[in-house]
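Single-letter residue listing:
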Amino acid sequence: MKKFTQRSTTLLLAAGMGLAAATAWSAETLQDVMKRRGLSQQDLLAASKTYVPTGKRDDFIAFSSGGQSGQVIVYGIPSMRILKYIGVFTPEPWQGYGFDEESKAVLAQGRIDGKDITWGDTHHPGMSETNGEADGQFLFINDKANPRVAVLDLRDFETKQIVVNPIYKSEHGGTFVTPNTEYVFEAAQYASPLENKKFYPLEEFNEKYRGGMTYWKFDRKEGRIDPKKSFSVELPPYSQDLSDAGKGPSDGWSFTNSFCSERYVGGIEKGRPPYEAGCSAKDTDYLHVINWKKAAELVAAGKAKKINGHDVLMMETSIKEGILFLIPEPKSPHGVDVTPDGTKLVVAGKLDTHVSVYSFEKIMAQIKAGKFESKDPYGIPVLSMKDTLHTQVSLGLGPLHTQFDSKTCVAYTSLYVDSQVAKWDYCEGKVLDKISVHYNIGHLMTMEGDTAKPAGRYLVALNKLSIDRFNPVGPLHPQNHQLIDISNDKMQLIYDMPLPLGEPHYVVAIDAKKLKPAVRYKLGTNSRTDQPHPAAVRAGEEHTDKKGNKVEVFGSLIRSHITPETIEVDVGDEVTIHLTNLERAQDETHGFTVSTYNVHASVEPGKTVTVKFKADKEGVYPYYCTEFCSALHLEMQGYLLVKPKGWKASKTTLAAGTYTEAEYKANVKKVADTQVIIDSVVAYITSVNYKDFPDVVAMVDDAFDQLGKTKGLKEKHEAFAAKKDWENATLWAEQIWQYQVKTADLGLRAKTYLEQNGAKKVK
Ligand code: CUK
Ligand code: CUA
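Residues numbered from 1 in each chain as written. Chains lettered and ligands numbered in written order. Predicted model: local features only at pLDDT ≥ 70, side-chain atom pairs only at ≥ 80, totals over all residues. Heavy atoms only, no water.

Peer 1: So what's going on with the packing of aromatic side chains? Residues and values would help.
Peer 2: According to the stated counting rule, one finds 24 aromatic pairs in the structure shown. Ring geometry for Phe325 versus Phe372: centroids 5.9 Å apart, planes at 25°, classification stacked. With a gap of 47 residues between them, Phe325 in strand β18 (residues 324-330) and Phe372 in the loop between α9 (360-369) and β22 (374-375) connect regions that are remote in the sequence. Take Phe325: its relative accessible area is 4%, and that puts it in the buried class. Of the residues examined, Phe372 reaches a relative accessible area of 34% and is grouped as partly exposed. In textbook terms, an aromatic cluster arises when at least three aromatic residues are bridged by ring pairs, as seen for Tyr183, Phe185, Tyr215, Phe231 and Trp292. One cation-aromatic arrangement involves Lys617 over Tyr597; the distance from NZ or CZ to the ring centre is 4.4 Å. (Phe/Tyr/Trp six-rings, centres within 6.5 Å; stacked < 30°, edge-to-face > 60°. Helix = DSSP H or I, 4+ residues; strand = E, 2+ residues; numbered from the N terminus. Buried < 20%, exposed > 50% of the residue type's maximum accessible area, 1.4 Å probe, protein only. Lys NZ or Arg CZ within 6 Å of the ring centre and 35° of its normal.)

Listed below in structure tokens is the structure:
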């Protein structure tokens, strides 16, 4: 230990005096590297389009579904560097998600029929919008397997809420938002009886099984979905699929595809043709066109029926009130995407080579004129496909999803079977360019490409197979997100990114400048409710309460100690530990765990987190900080002592250390030397325009916070020294130095930042 601290002083001195190692330059030229690595001009061009130099940031931030991991993956574009995994439907240990009480409460909202469901099949992230444009405030994502929707707040990139769909057993067409995020859509997928736990045999499929479309009311002020103000529209058992919200002229309407409108129920085991045959036998399926604004009014007027306590507008009512229509669409469609100007909708039929572009104006004209070509078996008016189409364009095999460019009329459609992206003009109806991807593309995504104002520039192809793209890692391959430059007439493939967490069906991206995430919480925040945590403490307020067999610790974390450092309980006690991270410094997260009790918390600056467990095993259990937060991180430790029944202590004093006057004096000198460094760093910082750098101002604030903690400690060690208590004198002097190290660490970080970012001398 001694050795280490002396070395640290030397390091601090060296850094403080600007003796940092000089940068070594390689003598290799670009040509050398090209030759050595076998790269072409085209490769270099691609590399220079995606490379983000150290210290620089990406232009766009992507939120990808984590597929079967039930998480969200955040990455930067164009570098494709992964920035974060966010636990949503699934526990995520690093962030303590599912291991602390606050996040367990979020996961518990997603329980179904009283049971925990700790995985999710996430498909479609959706960003909140204001006037049809991505606003960077909230993210929504759906769980196809267990019909749920989650709300994430982009101030801290945390999951805040999970809502369970009250009437479906599966869903898919979510989460799509209305232009001002009034509602978040969730469409059913595999039809089932809407009443919970109702059994009907498949023979009653047509009569008793139903699909639907749910409109979750989003309360932006609260940052939460309001289930009481949410409603659904009952739909036929047609396997509703992807959806989109109207915008501009079509605002107030929603569009939902369907497949298997044949209402086939399979039975391969009984010798019946399988679903795949029965669900694609007819040439067309139905596009559902719903006036959600009017539907909301009808629900408000009491015209809905309560099913499982949830407002459902029954088909009969929707037909009578004229808010629900169907339009035939080509065979087994997948995506439906409304153009940025809201005048057209693009439908891709998986088993057709065409994309069909419908005109919203024509749809409205037909509805107004009451011109319906027929009715479906449930009495829903069916509009003529021919009379509502704007154009059809033959793009290739297996068109799935469509996204839009910042250039007018330009769209990109994924071709699953062809393994290509087609660039085409949806106004003129012609193909502009095609590029191969690897392989079998599902969704594709352009920057803010499903908003009213797409940002263009890049496209990400989300491929289902990666076969030969990456180093083999066993039979389960990574997914392949390919980045394509779309700023020119010809598309250029510039990067392959393996994603190893699950099948990310869809991803959305936003201009990074629109995101304004916080760097710390207000001291004592429960990050899952955004409310002050009732068990938060400030420095000096830490305490432990014991009532009967309940032990409640109100503790704190700060570099580099946990308060308290000993927790004594009796076997069988229920232990609750609340911890507040008192740090203000950026990125000074502390983690917390207790050996073998399956608890973990990530406590970011300002956050208060609770872990809870029953101390049902007598013994000694170390607890510690799980984030390497400082030079003395390993010493950020403590003991949970679980005493056996009827335990009586035989010794009452702790073993004394052996310290000498010389050691005390050495510590006092170390403190004085370090203060010289701190003073010189402070002199440098205040000699330049550091106040023009907000990040530095935060670091300087934090540095002084740490230094402030030395107050009164000098008097303390001197008083012990006067009594020749060398242990206490030495250790309190050491503690001053510990605070100094943290101060100097921050100060030096600030100094380096200023030097590298062109700080200027001030008078
Ligand atoms: S779906 Cu998977 S490729 Cu869930 Cu949007 Cu199309
Ligand atoms: Cu705190 Cu390690």
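Still more to cover.
Peer 1: Give me the pattern of salt bridges: which residues, what numbers.
Peer 2: Considering all chains together, one arrives at 47 salt bridges under this definition. For Arg584, the salt bridge identified is with Asp701, shortest N-O distance 3.6 Å. Within this pair, whereas Arg584 is found in the loop between β40 (574-581) and β41 (590-594), its partner Asp701 is found in helix α12 (residues 694-708), the two being separated by 117 residues in sequence. Ionic contacts of the salt-bridge type, sharing partners, join the residues Asp153, Arg155, Asp156, Lys160, Arg224 and Asp530 into one network. (Salt bridge = Lys/Arg side-chain N within 4 Å of Asp/Glu carboxyl O.)

Peer 1: Can you lay out the nonpolar core for me, pointing to particular residues and giving the numbers?
Peer 2: Nonpolar side chains tend toward joint burial in soluble globular proteins. Phe63, Val72, Tyr75, Ile77 and Met445 are the most contacted members of the largest nonpolar core, which has 41 residues in total. When residues in this core are grouped by element, the largest group, five residues, is from strand β2 (residues 71-77). Residues Phe231, Val233, Ile290 and Ala304 belong to the second largest nonpolar core, which totals 28 residues. (Core = buried A, V, L, I, M, F, W, Y, C linked by side-chain atoms within 4.5 Å.)

Peer 1: Tell me about the state of the cysteines, residues and numbers included.
Peer 2: As enumerated under the stated definition, the model contains two disulfides in all. Put simply, Cys260 and Cys279 are joined by a disulfide, and their sulfur atoms are 2.1 Å apart. With the S-S bond torsion at -60°, the cross-link from Cys260 to Cys279 turns out left-handed. Of the two residues, Cys260 sits in the loop between β14 (253-258) and α6 (275-278) while Cys279 sits in the loop between α6 and β15 (284-291), which places them 19 residues apart along the sequence. The class for Cys279 is buried, based on a relative accessible area of 13%. (Disulfide = S-S within 2.5 Å.)

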